[in-house]
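# Topology and contacts: notes
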Amino acid sequence: MTLNYFDNSVPHLVEEYYQLSFTDESVPFQTTVLPVGFTHVTHLFYGHQKAVFNKTEMPLKDTIISGQFFRSYQFHCLSKSMSFGISFHPTALFKILNTDISKLDNRHTSLEQFHLEFYNKIKPAFEDFSNPEKMVTSLDRHLSSLELNTNKNTENIDIVINLIKGKEGLISIHDILDHLNISQKTLETQFKNIVGLTPGKYIRLFRFIKLMRKFENQEIAINDLIYMFDYYDRSHFAKDFKLFMGETPKSYFKKDYPLLKAVFKNN
């Protein structure tokens, strides 16, 4: 398994580009995939892959759009494969598609079926999988040429995302409302429509991902991290761990998850 990341020139839309490949020797491959607070578009050039969430199998083929997941799911690669994807800024897909992003929650679905116009615009960028740098340049060009749907609501949610990032998830809804002239109900409605999750769920997920990144990068011991990230005891941390990872901390740390570790170590 090989996971590579690529820089981009449209950071207001794209968090990162990535290329994931599996050789004959590395399949069949199965892993837990943890949601990281981004939506994605991924093109599978060849191979047989599927995702399983709550016992529902979702085949991964051609160009897939993926919404927000609040819990982990299982990823299976059953044959030699190659894919290239886009991790979007949390508000980017709403600005591009002008549609309720929460409709994509917990789903991997065909981009062609979900939004044919966007599919046709970016499909040419995936013509040559042998040259990832060319794909990056082409995607940057296509994405930068899009007319975005921006308004006061997207401006407010971008402010919220920046606050959450700046505080590493250690922020409350009441703290956020101090920076906005809107009600809590309006914030929750707008955030879910534009990002796909409620702000409370997003904060909880962001905090957990930040903790796991710091741990996997050996920045600090797990006991110190638990208290630094406002978990008042180990049982509180274990509850969130089981929610997001689908298993206990004890079970997770006994196993090897190369894909998860590669994602966590990408800062």
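What comes next concerns the included structure. (Residues numbered from 1 in each chain as written. Predicted model: local features only at pLDDT ≥ 70, side-chain atom pairs only at ≥ 80, totals over all residues. Heavy atoms only, no water.)

If you tally the helices and strands in the protein, you get 12 helices and eight strands. For the protein, the C-alpha radius of gyration of 18 Å lies close to 18 Å, the compact-globule estimate for 267 residues. Considered along the principal axes of its C-alpha atoms, the protein spans approximately 50 × 45 × 35 Å. The buried share of the protein, taken over its 267 residues, is 54%. When contacts within the protein are restricted to residue pairs at least 6 apart in sequence, those whose partners lie at least 24 apart make up 71%. Accessible surface, the protein as shown: approximately 12900 Å² in total, 48% of it carbon and sulfur. Seen as two clouds, the 31 positive and the 30 negative side-chain charges of the protein have centres 6 Å apart. (Helix = DSSP H or I, 4+ residues; strand = E, 2+ residues; numbered from the N terminus. Rg over C-alpha atoms; globule rule 2.2 N^0.38 Å. Buried < 20%, exposed > 50% of the residue type's maximum accessible area, 1.4 Å probe, protein only. Contact = heavy atoms within 4.5 Å. Areas by Shrake-Rupley, 256 points an atom, 1.4 Å probe, with all protein chains shown as cover. Lys, Arg positive; Asp, Glu negative; His and termini not counted. Charge placed at Lys NZ, Arg CZ, Asp CG, Glu CD.)

Our focus in this paragraph is the side chain of serine 21. The topology assignment puts serine 21 in strand β2 (residues 14–22). With residues up to four places along the chain from it excluded, the contact list for serine 21 reads Met1, Thr2, Ser81 and Met82.

Time to look at the environment of arginine 71. Take arginine 71: it is sitting in the loop between β5 (56–66) and β6 (73–77). The partly exposed category is assigned to arginine 71, whose relative accessible area is 42%. Considered as a pair, arginine 71 and lysine 192 are 121 residues apart in the sequence and their alpha carbons are 16 Å apart. When residues no more than four places from it in sequence are discounted, the contact partners of arginine 71 are Pro35, Phe53, Leu243 and Phe244.

A few words now on the nonpolar core. Most often, soluble globular proteins keep nonpolar side chains buried together rather than apart. Tyr17, Phe84, Phe88, Phe118, Leu143, Ile164 and Phe208 are the most contacted members of the largest nonpolar core, which has 66 residues in total. The leading source of residues in this core is helix α8 (residues 199–216), at eight residues. Leu3, Phe22, Val27 and Phe29 belong to the second-largest nonpolar core, a separate cluster that totals 16 residues. (Core = buried A, V, L, I, M, F, W, Y, C linked by side-chain atoms within 4.5 Å.)

Extensive coverage of β6 is indicated by the burial of four of its five residues. Sheet topology note: the strand β3 (residues 29–33)/β6 ladder contains five bridges and is antiparallel. By the bridge assignment for β6, valine 33 is matched with tyrosine 73. Summarising the sheet, strand β4 (residues 39–53) and β6 pair through four bridges and their orientation is antiparallel. Of the residues in β6, the one forming a bridge with lysine 50 is histidine 76. (Pairing = 2+ DSSP bridges.)

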